[in-house]
Amino acid sequence: MTDLRGRAAVVTGAGSGIGRGIAICLAECGAAVLLADINDEGARETRRLLSNGSVSAVVAGDVSSDAVARGVIEAALTAFERLDILVNNAGTQVVKPSTELDIAEWELMMGVNLRAVYLCSKYAIPYLARQGGAIVNIASVHAHATLADYAGYAASKSGILGLSRGLAVQCGPLGIRVNAVSPGTIETPLLQRYIDGFADPAGMRGQMISRQPIGRLGTPRDIGSLVAFLAGGDATFISGAEIVADGGMMANLFR
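Because the structure is predicted, anything quoted here is derived from the model rather than measured.

1. Topic: the nonpolar core
Thinking step 1. Membership of the largest hydrophobic core comes to 31 residues, with the highest contact counts inside it found for V10, L34, I73 and L83.
Thinking step 2. Elements that contribute at least two residues to this core include exactly β1 (8–12), β2 (32–37), β3 (56–60), α3 (66–80), α4 (103–128), α5 (151–171) and β6 (176–183).
Thinking step 3. For this core, the element with the most residues is α4, which contributes 8 residues.
Thinking step 4. The next biggest cluster of nonpolar side chains, apart from the first, holds 29 residues, and it includes I22, V33, L35 and A231.

2. Let's talk about the pattern of salt bridges
Thinking step 1. Evaluation of the coordinates by the stated rule reveals 8 salt bridges.
Thinking step 2. With a closest N to O distance of 2.9 Å, E28 and R221 form a salt bridge. Residue E28 is found in helix α1 (residues 17–28), and its partner R221 is found in helix α8 (residues 220–231); the two are separated by 193 residues along the sequence.
Thinking step 3. Under the relative-accessibility criterion, R221 is labelled partly exposed at 43%.
Thinking step 4. Taking the shortest distance from any N to any O, the salt bridge between R82 and D84 comes out at 2.6 Å.

3. As for the packing of aromatic side chains
Thinking step 1. Enumeration according to the criterion identifies 2 aromatic pairs in this entry.
Thinking step 2. A ring pair is formed by Y150 and Y153, whose centres lie 6.3 Å apart and whose planes are at 75°; its orientation type is edge-to-face.
Thinking step 3. With a centroid separation of 5.2 Å and an interplanar angle of 75°, the aromatic rings of Y194 and F198 are classed as edge-to-face.
Thinking step 4. With relative accessibility at 32%, the residue Y194 sits in the partly exposed group.
Thinking step 5. With a relative accessible area of 30%, F198 lands in the partly exposed category.

4. Notes on the packing of α3 against α4
Thinking step 1. Here α3 crosses α4 at 30°, and the two axes come no closer than 8 Å. Classified by the interaxial angle, the pair formed by α3 and α4 is roughly parallel. Both α3 and α4 take part in a crossing whose hand is right-handed. Across from D66, A69, R70, I73 and L77 in α3, the residues of α4 making contact are L119, C120, Y123, A124 and Y127.

5. Quick notes on the confidence of the model for the protein chain
Thinking step 1. Mean pLDDT over the protein chain: 97, with 100% of residues reaching 70 or higher.
Thinking step 2. Taking the mean pLDDT of every element in the protein chain, the minimum, 91, falls on helix α6 (residues 189–196) and the maximum, 99, on strand β4 (residues 85–88).

6. Describing the side chain of S121
Thinking step 1. Summarising the element assignment, S121 is placed in helix α4.
Thinking step 2. Judged by its relative accessible area of 1%, S121 falls in the buried class.
Thinking step 3. A polar atom in the side chain of S121 sits 2.7 Å from the backbone oxygen of V117.
Thinking step 4. If sequence neighbours within four positions are ignored, S121 has contacts with L86, N88, I135 and L167.

7. Some details on α5
Thinking step 1. Under the 1.5 Å per step criterion, the end-to-end length of α5 is 30 Å for 21 residues, consistent within 8% with the ideal 30 Å.
Thinking step 2. Where α5 is concerned, the buried positions are G152, Y153, A154, S156, K157, I160, L161, S164, L167, A168 and C171.
Thinking step 3. Buried residues along α5 sit in contact with α4, β5 (133–138), β6 and β7 (242–245).

8. With respect to the environment of P97
Thinking step 1. Along the chain, P97 falls in the loop between β4 and α4.
Thinking step 2. Taking the C-alpha atoms as reference, P97 lies 8.9 Å from G152; in sequence the two are 55 residues apart.

9. Some words on α3
Thinking step 1. End to end, α3 covers 22 Å across 15 residues, agreeing with the expected 21 Å (1.5 Å per residue, within 8%).
Thinking step 2. When we look at burial in α3, the residues that qualify are A69, V72, I73, A76, L77 and F80. In an axial view of α3, the angular spread of the buried residues amounts to 135°, which keeps them on one side of the axis. With respect to the buried face of α3, the exposed residues turned more than 90 degrees away are A67 and T78.
Thinking step 3. Immediately beyond the C-terminal end of α3, within one or two residues, lies E81, with a positive phi of roughly 65°.

Conventions adopted
- Residues numbered from 1 in each chain as written.
- Predicted model: local features only at pLDDT ≥ 70, side-chain atom pairs only at ≥ 80, totals over all residues.
- Heavy atoms only, no water.
- Core = buried A, V, L, I, M, F, W, Y, C linked by side-chain atoms within 4.5 Å.
- Buried < 20%, exposed > 50% of the residue type's maximum accessible area, 1.4 Å probe, protein only.
- Helix = DSSP H or I, 4+ residues; strand = E, 2+ residues; numbered from the N terminus.
- Salt bridge = Lys/Arg side-chain N within 4 Å of Asp/Glu carboxyl O.
- Phe/Tyr/Trp six-rings, centres within 6.5 Å; stacked < 30°, edge-to-face > 60°.
- Axes fitted to C-alpha atoms, helices over the stretch in contact; angles between N-to-C directions.
- Parallel < 35°, antiparallel > 145°, perpendicular 65-115°, else oblique.
- Left-handed = near helix turned anticlockwise from the far one by under 90°.
- Contact = heavy atoms within 4.5 Å.
- pLDDT = per-residue confidence, 0-100.
- Polar contact = N/O pair within 3.5 Å; in protein donor to acceptor, adjacent residues only side chain to side chain.
- Expected span 1.5 Å × (residues − 1).
- Arc of directions from axis to C-beta.

Shown next, in the form of structure tokens:
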């Protein structure tokens, strides 16, 4: 297991799903974790699920807001007196044809999925630079191959990859590594709501699993353990990279 004892982390979108899995894995590795989420109740539930003895704090708010993003980073400094790891995970999704997607929905995805990554990174970098640290941004396989009605979501996730590369080049001389993780199909409440919207949810789940060469859907812990690795001492020469964690789905030519 990656050793993150003595490190302090911020995880955005920590109130459920992938963000919760990341926060739990970082805490199990010994990191103090600030849990940021627009859903205060969800973040507090994540806090209850952390390992006994874990040091944690909760901030509720929308990190696509400049003031909230700054406040989240400052709260981590207040709680832990240092910042070593930033995980930009907060995300949202509107599934509509681009011809029907209104400006507010487009701006919502660009704000939560992309602007929040920029804002939190902007405010975290000066503190990460004090002792060196890591930023891990959660993108998506939709940055590479997408579906009808996901154009806006795919655009926002593609932007994360470009931003991650640019930040890696900028921040390398400061001792800060920046990487991206692109999850595939992960078992989350969001995915379950999507599956439940079909007339045959069990059949849809079976179709999804059939697209995974590894034979199962991913779990939040799969992503959390990868993030912990990228944040830790065994990944000190990895920066500007993207790791796709999709069970081999994108490698499958005919899906």
